[in-house]
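Survey of secondary and tertiary structure
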Amino acid sequence: MSGFKLFKSSKYFLVLGAGRGGTSLLTAMLDCNPSLTVGLEQFSFDFLLGNKLEGKKKYDLNLRISSFDKACQKIAKAKKNLWGNKITTEQILALEQCEGATFPIYFQNFLNGTIGKGKVIFIVRDGRSCVQSKINRTQQTYELAVYRWKFSVKLLNYLKENHEQLLVLKYEDLVASPEEQLKIACGFLNVSYSAEMLNGPDNKL
C-alpha cells in the first residue's frame, strides 16, 4: 500500500473527537466566529466511509483519503476566511474497512494525505458520559459504544505523541467555561475571539 508524501500543505484544519463527545457543539461555536467557517462532517460519508466510491475503489485507502482531501481543499480555497471540517473518530475507524489497512499506519496515511502538519482540535469527553450518550442517542450496544470510545482515546494518544499542531479541549470545560475555552481555541487558530461564538448552541449550520 503506497503512502503519501510526508507533511503535505493544507489550507484547512480539523475538529476531531468521538461521536457524542462534543464535536458538534464545538463546531457550532467555532462556526459563529466571523473569521471561521467549519463544516459539519462534510465529505466524511462520501469518501472516508466510501459511500460515493464504487466497486473495489470503495476499499482503496489512498483513494478514500485523497478524495476526501481534494473535496476539502476545494471548499477551503473558495472561502475568504479560515475553513475547518469536523469529523468523528468513528469516521476514521471506517478506514479499517480498506484493503490492507492496519493501525496506526492508516491513520498516519490519513494525516499525511490531508492536513499534514496542519492544526487539529481534539475534544474529549469523560468516557462514562460519552458512552452513555452513545447508547441513549444512537441505540448502540454498550459493547460497541465502549469500543468506539476506546478507539477515540487511541487516536488522541497517537496525536499527542506524533502531531505537534494539536489542541486538546475537554467537553466538560467547554460547557462550564465556554468563553475561556473558545479563547484558547481562537488563539490556537490565530483568529480573534468573538462573543458571537457563545451563540453556537443556536447555530443551525
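What you are looking at is a predicted structure, and each value in this text was computed from that prediction instead of being measured.

The description of an aromatic ring pair uses the distance of the two centres, along with the angle that the planes make with each other. Scanning the entire structure with this criterion turns up 8 aromatic pairs. With a centroid separation of 5.9 Å and 65° between ring planes, the pair formed by Phe-103 and Phe-151 is classed as edge-to-face. With Phe-103 in the loop between helix H4 (89-93) and helix H5 (105-113) and Phe-151 in helix H7 (residues 142-162), the pair connects residues that are 48 residues apart, well separated along the chain. A relative accessible area of 4% means that Phe-151 is categorised as buried. Judged by centre distance (6.3 Å) and plane angle (65°), the rings of Phe-103 and Tyr-158 are edge-to-face. Highlighted residues: Phe-103 in the loop between H4 and H5 and Tyr-158 in helix H7, separated in sequence by 55 residues.

With 12 residues, helix H6 (residues 127-138) should cover 16 Å at 1.5 Å per step; its first-to-last C-alpha distance of 16 Å lies within 8% of that length. Looking at the buried side of H6, the elements it contacts are H4 and H7. At the exit of H6 stands Gln-139, carrying a positive phi of roughly 60°.

Now for the sheet that holds strand S4 (residues 120-124). Taken together, 5 strands build an open sheet; the order of strands is S2-S3-S1-S4-S5 and the sheet is parallel. Both edges of this open sheet fall to strand S2 (36-40) and strand S5 (166-170), since each of them pairs with a single strand only. Looking at each pair of strands side by side, their axes are set apart by 25° on average, direction ignored. Of the strand pairs in this sheet, S4 and S5 are connected by 5 bridges, and their pairing is parallel. Within S5, the residue paired with Ile-121 across the bridge is Leu-167. The strands touched by helix H9 (residues 178-189) within the sheet are strand S1 (12-17), S2, strand S3 (82-88), S4 and S5, with S5 carrying the most contacts at an inclination of about 170°.

Looking now at the layout of surface pockets. Space inside the largest pocket adds up to approximately 510 Å³. Taken together, 23 residues make up the lining of the largest pocket; nearest its centre are Gly-19, Arg-20, Thr-88, Glu-90 and Thr-138. Put simply, the parts of the chain that give the lining of the largest pocket at least two residues each are helix H1 (23-31), S3, H4 and H6. The residue inventory of the lining of the largest pocket, partitioned by class, reads 5 nonpolar, 10 polar and 8 charged.

This next bit is on the nonpolar core. Residues Ile-92, Tyr-106, Phe-107 and Phe-110 are the most contacted members of the largest nonpolar core, which totals 33 residues. Contributions of two or more residues to this core are made by S1, helix H2 (44-48), helix H3 (61-78), S3, H4, H5, S4 and H7. No other element matches H3, which puts 7 residues into this core. In contact with Phe-107, not counting residues within four places along its chain, are Ile-92, Leu-155, Tyr-158 and Leu-159. Among the nonpolar cores identified, the runner-up in size contains 19 residues, and Met-29, Leu-30, Ile-123 and Cys-186 belong to it.

Looking now at the pattern of salt bridges. Applying the stated criterion across every chain yields a total of 5 salt bridges. Linking Lys-86 and Glu-41 is a salt bridge whose minimum nitrogen-to-oxygen distance equals 2.5 Å. Here Lys-86, found in strand S3, pairs with Glu-41, found in the loop between S2 and H2; they are 45 residues apart in sequence, far enough to count as distant. Grouping residues by exposure puts Lys-86 and Glu-41 together as buried.

Rules used in this analysis
Residues numbered from 1 in each chain as written. Predicted model: local features only at pLDDT ≥ 70, side-chain atom pairs only at ≥ 80, totals over all residues. Heavy atoms only, no water. Phe/Tyr/Trp six-rings, centres within 6.5 Å; stacked < 30°, edge-to-face > 60°. Helix = DSSP H or I, 4+ residues; strand = E, 2+ residues; numbered from the N terminus. Buried < 20%, exposed > 50% of the residue type's maximum accessible area, 1.4 Å probe, protein only. Expected span 1.5 Å × (residues − 1). Contact = heavy atoms within 4.5 Å. Pairing = 2+ DSSP bridges. Axes fitted to C-alpha atoms, helices over the stretch in contact; angles between N-to-C directions. 1 Å grid on protein atoms, 1.4 Å probe; cavity = no way out; pocket = protein on both sides within 12 Å on 5 of 7 lines; lining within 4 Å. Points joined across faces, edges and corners; volume = space filled by probe spheres on them. Nonpolar A, V, L, I, M, F, W, Y, C, P; charged D, E, K, R; others polar. Core = buried A, V, L, I, M, F, W, Y, C linked by side-chain atoms within 4.5 Å. Salt bridge = Lys/Arg side-chain N within 4 Å of Asp/Glu carboxyl O.

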